[in-house]
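Chain residues, written in single-letter form:
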Amino acid sequence: MEGFVDHYIVLGLPSGEEALKLSEKEIAKAYKLKALDLHPDKRPDDPDAHDKFQRLKTSYEVLKDEKARKLFDDLLRIQREKQHKKSQVDSKRRKMMSDLEQRERSAFSPDPAARAYDEEERIARKLKEEIERIRARHAKKKSGFETPESGVDEKRKEDRSGTGASVQLDKERMLKVSWEKIGEGYTAGRLRQVFSEFGEVEDVVIRSTKKKCSALIVMATKDGAVAATRTLCGDLSNPLLVVPLQKAAQNDFLTTKKSAEAEPRSDIVGAGLQAYEDAVMQRLRKAAMDQKNRGVKPNDQE
C-alpha cells in the first residue's frame, strides 16, 4: 500500500499479532524513549529531524487513541491475510509446475511400463476416434438419419465415479496441452479463449522448449476438463494435443487396452520416441485439414 506507515514500527515496537498484546503504558514508554532520541534539539545537524519527530508524534497519537488503534490493527490483520493468501497461491502454482515437469519426465522415461501406457498416445488415439465419429455423424445427417448424442452414458459414468479426495479432484480438473512450435503458436490469452468454450478457466501456465510448447490448463470444473479432452481444439493448422493430468479411470484404461490390441505397435525408445510423437502430430494436422475440407467446424458438439 502506497504511503503506508506501521505506527508500531515507528515507535520501535513489535508489529503484527504481538502488537495486539501491548498495553497503553508500554506504548507511552516506547514513545518517550523515542522522543528523547529523535527530538530536534538533540539532532541539530539533521535537516529531517523535525519531520521525523512529527511522524513519531503522529504514530503515538494513533496508537493511544482506542478507536484509531483498533482500526489500524484491523488494517494490519487484513494485510497479513492477503499476504498469507498470496503465499498459498504461489505455493499452488509451484506445485502445478512441479507436477507438470514430473509428468513430462515420466513421458520420456525409459521404463517399459511407462511407455506402454503413455498418456499422450492414448489421448491421440481418442482424438482420432473423435474425428472419425464427427465425420460419421455428419455423413448420417446428410443421408437424412439423426442419431442420439453419443458420449452421454460415458459422461454419466464418469460423473458417478468420484474419488472423494480433494487433491485427486483438483488433478482431474487439470489438462496438459502440447503443440508444435510453428506459426504464431498459442499465448496464455489464446489458450484461455479456446478452453473457455468448455467452461471457466482458472489458470494457464505455459512452458516452452526449442521444438515444442506445452501448457498446464486448470479448469474450474471436472466436466469442463472432460469436455475439452473429447473435442478437437485449437487452429486447424496446428491442433492442440490435450491430455488430462489425472490418470485415466479404470473403464478408460480398458477401452485404451482394447484399442492398443486392435492397433499393435512396437515399443519406441530413444530418438524414435520424438519421431513417433512428431508423426502423431502430423496425422492430427492432416485429419484437421480433411475435416476443414469437409466443412466441419473444429468445436462442433453433438
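Residues numbered from 1 in each chain as written. Predicted model: local features only at pLDDT ≥ 70, side-chain atom pairs only at ≥ 80, totals over all residues. Heavy atoms only, no water.

## Details of the sheet that holds strand 1 (residues 174-180)
Sheet strands associate in pairs through backbone hydrogen bonding, adopting either a parallel or an antiparallel arrangement.
Here is step 1 of the chain: Within the open sheet, the four strands sit side by side as 2-3-1-6. Their pairing is antiparallel. With partners counted over all chains shown, the strands left at the sheet margins are strand 2 (201-208) and strand 6 (241-244), one partner each. With strand direction ignored, the average angle separating the axes of adjacent strands in the sheet is 20°.
Here is step 2 of the chain: Pairing of strand 1 with strand 3 (residues 212-219), which is carried by seven bridges, proceeds in the antiparallel orientation. Paired with M174 across the strands is V218, a residue of strand 3.
Here is step 3 of the chain: Packed on one face of the sheet, helix 9 (residues 188-195) meets strand 1, strand 2, strand 3 and strand 6 and runs near 135° to strand 2. (Pairing = 2+ DSSP bridges. Helix = DSSP H or I, 4+ residues; strand = E, 2+ residues; numbered from the N terminus. Axes fitted to C-alpha atoms, helices over the stretch in contact; angles between N-to-C directions. Contact = heavy atoms within 4.5 Å.)

## Some thoughts on the packing of aromatic side chains
Here is step 1 of the chain: Applying the stated criterion across every chain yields a total of five aromatic pairs.
Here is step 2 of the chain: Centre to centre, the rings of Y31 and Y60 are 4.1 Å apart; their planes meet at 5°, and the pair counts as stacked. Linking Y31 in helix 2 (residues 24-38) with Y60 in helix 3 (residues 49-64), this pair joins segments that are 29 residues apart in sequence. Like Y31, the residue Y60 is buried in the burial classification.
Here is step 3 of the chain: Considering the side-chain rings of W179 and Y186, the 5.4 Å spacing of their centres and the 75° angle between planes classify their relative orientation as edge-to-face.
Here is step 4 of the chain: For W179, a relative accessible area of 1% translates into the label buried. (Phe/Tyr/Trp six-rings, centres within 6.5 Å; stacked < 30°, edge-to-face > 60°. Buried < 20%, exposed > 50% of the residue type's maximum accessible area, 1.4 Å probe, protein only.)

## What to know about the pattern of salt bridges
Here is step 1 of the chain: All told, the structure shown has 13 salt bridges when counted by the stated rule.
Here is step 2 of the chain: In this structure, R77 engages E81 in a salt bridge whose closest nitrogen and oxygen atoms are separated by 3.3 Å. Of this pair, R77 and E81 both sit in helix 4 (residues 66-107), four residues apart, which is roughly one turn of the helix.
Here is step 3 of the chain: A relative accessible area of 36% means that R77 is categorised as partly exposed.
Here is step 4 of the chain: The class of E81 is partly exposed, set by a relative accessible area of 38%.
Here is step 5 of the chain: Across the salt bridge formed by D99 and K95, the nearest N and O atoms sit 3.1 Å from each other. Of this pair, D99 and K95 both sit in helix 4, four residues apart, which is roughly one turn of the helix.
Here is step 6 of the chain: Look at K95 and you get partly exposed, because its relative accessible area is 45%. (Salt bridge = Lys/Arg side-chain N within 4 Å of Asp/Glu carboxyl O.)

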